[in-house]
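# Remarks on the overall topology
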Amino acid sequence: MILVVATVYVFVARLYPAPLPISRDAVLVDRQYALTLYVTGAAFVLAQLGLAWAIFRFRDRGQQARHIRGNIGLEILWTSVTLIAFVALAILGRNAWAGARFTPAAPGAIQIEVTTNQFVYTFRYSGADGKFGRLDPSLVSAPSGNPLGLDPNDPAGKDDIVSAELTVPVNRPVELLIRSQDVIHNFFVRELRLQQDAVPGMVIPVHFTADRIGTYEIVCTQLCGLGHNKMHSRLHVVSQDDFASYLDRQATGQ
Ligand SMILES: [Cu+2]
C-alpha cells in the first residue's frame, strides 16, 4: 500500500513533467498519454487494493485451508474489460499517432530531407528551385565535404543546402523525408512528441508544424553503435523572417 501511494504520488504531483508540447499533434499525443495513464492507473490501483484485501481477508487465523477452483464469471468479466479497454485505447491513440504519418503533409509544406549515419544527422533543403538534386552513393564522402553524395553534374542539386542542424519556420507545415545511410537510427524531438525510425533503403515521410520559437534537441533513440550516445543535433524553430535570412545565408555560403 505504501508503494502504491508513493507511485500514485509521483504521477499526481507531476514530479517529472514532460517538456512543453510545441505542436498540435504533440498536444493530441499528451491527451492520449493522459487518458492511457488514467485507465491503466485506475486498473493498477484497483488490482493492488484487491490484492491487499485478499491478503487481509484470507490471512492465517488458524483456520483450515480451503481449495478454490476459480470463478469463470469473474475470469470472463475482467478479460473482456481488459480487451475492450486496450482495443479502445489503440483506436483512440491511432489518431494522435497517425496524424503525423498516414495523412499527407499540408500542401505547401517545406520539404526537408533528413539523412542519418553513424553518428550524425545531415539535413538538406531543396533551395530556390524547390527540387532536390540527385544523390549518388558512390560520391558519399564526409571528409571531402559531400556527406550525402550530391551529384555535381545535376543542376537541380546546385542550390541544395546541406546543414548539420535543422532550422524551420514557426507555424509552417514541415515535411521530413527520413533516410539512413547505414544502420537503423531514429529522429526524436521530445517537444514535438515525434519519434520516427530511419531505416536504410527507405524514405520515411513525417510532418509537423511547430508553433513555438526556440531551440530543441534532436536525439537518436535507436542503439546504433558505439557513438550512439553522442548522436544528436538541434532543431531551431525561428520566425518567418529569420528563416528567410537563414536560407539566404546558407545559399551564399556564409
Ligand atoms: Cu543513431
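Residues numbered from 1 in each chain as written. Predicted model: local features only at pLDDT ≥ 70, side-chain atom pairs only at ≥ 80, totals over all residues. Heavy atoms only, no water.

### Side note on the overall build of the protein chain
Counting its secondary structure elements, the protein chain contains four helices and 10 strands. Overall, the protein chain shows an N-to-C arrangement of helices and strands of α-α-α-β-β-β-β-β-β-β-β-β-β-α. For the protein chain, the spread of C-alpha atoms along the principal axes amounts to about 90 × 35 × 30 Å. When each of the 254 residues of the protein chain is scored for burial, the buried share is 33%. For the protein chain, contacts bridging at least 24 residues in sequence account for 69% of all contacts bridging at least 6. (Helix = DSSP H or I, 4+ residues; strand = E, 2+ residues; numbered from the N terminus. Buried < 20%, exposed > 50% of the residue type's maximum accessible area, 1.4 Å probe, protein only. Contact = heavy atoms within 4.5 Å.)

### Here we look at the sheet that holds strand 2 (residues 120-125)
Read from one edge to the other, the open sheet built from five strands follows the order 3-2-1-5-8, with strand pairing classed as mixed. Whereas interior strands pair on both sides, the edge strands pair on one side only; in this sheet they are strand 3 (161-163) and strand 8 (204-208). Taken pair by pair, the neighbouring strands of this sheet meet at an average axis angle of 25°, ignoring direction. Taken together, the three bridges between strand 2 and strand 3 define a ladder with antiparallel strand orientation. (Pairing = 2+ DSSP bridges. Axes fitted to C-alpha atoms, helices over the stretch in contact; angles between N-to-C directions.)

### Concerning the nonpolar core
In this structure, Ile112, Leu166, Leu176, Phe187 and Leu235 are the most contacted members of the largest nonpolar core, which totals 33 residues. Among all residues touching Leu166, those that are not within four sequence positions of it are Ile112, Phe123, Tyr125, Leu176, Phe187, Ile218, Arg234, Leu235 and His236. (Core = buried A, V, L, I, M, F, W, Y, C linked by side-chain atoms within 4.5 Å.)

### Side note on the layout of surface pockets
Taken as a whole, the largest pocket spans an internal volume of roughly 1100 Å³. Secondary structure elements with two or more residues in the lining of the largest pocket: helix 1 (2-12), helix 2 (24-57), helix 3 (72-98), strand 7 (194-198) and strand 8. Tallied by class, the residues present in the lining of the largest pocket amount to 26 nonpolar, seven polar and six charged. (1 Å grid on protein atoms, 1.4 Å probe; cavity = no way out; pocket = protein on both sides within 12 Å on 5 of 7 lines; lining within 4 Å. Points joined across faces, edges and corners; volume = space filled by probe spheres on them. Nonpolar A, V, L, I, M, F, W, Y, C, P; charged D, E, K, R; others polar.)

### Some points on a nonpolar patch on the surface
Judged by side-chain polarity, Leu35, Tyr38, Val39 and Leu92 come together as a nonpolar surface patch covering roughly 360 Å² of accessible area. No other element matches the three residues that helix 2 contributes to the nonpolar patch. Assignment of secondary structure puts Leu92 in helix 3. (Patch = residues over 30% accessible without salt bridge, like charges linked within 9 Å, V, L, I, M, F, W, Y side chains within 5 Å. Areas by Shrake-Rupley, 256 points an atom, 1.4 Å probe, with all protein chains shown as cover. Salt bridge = Lys/Arg side-chain N within 4 Å of Asp/Glu carboxyl O.)

### Some words on the pairing of strand 6 (residues 185-189)
Where burial is concerned, most of strand 6 is hidden: five out of the five residues are buried. The two faces of strand 6 match: His185, Phe187 and Val189 on one face and Asn186 and Phe188 on the other face are all buried. Of the strand pairs in this sheet, strand 6 and strand 7 are connected by five bridges, and their pairing is antiparallel. Within strand 7, the residue paired with His185 across the bridge is Ala198. Two successive antiparallel strands, strand 6 and strand 7, enclose a turn made up of four residues, where Arg193 displays a positive phi of approximately 50°.

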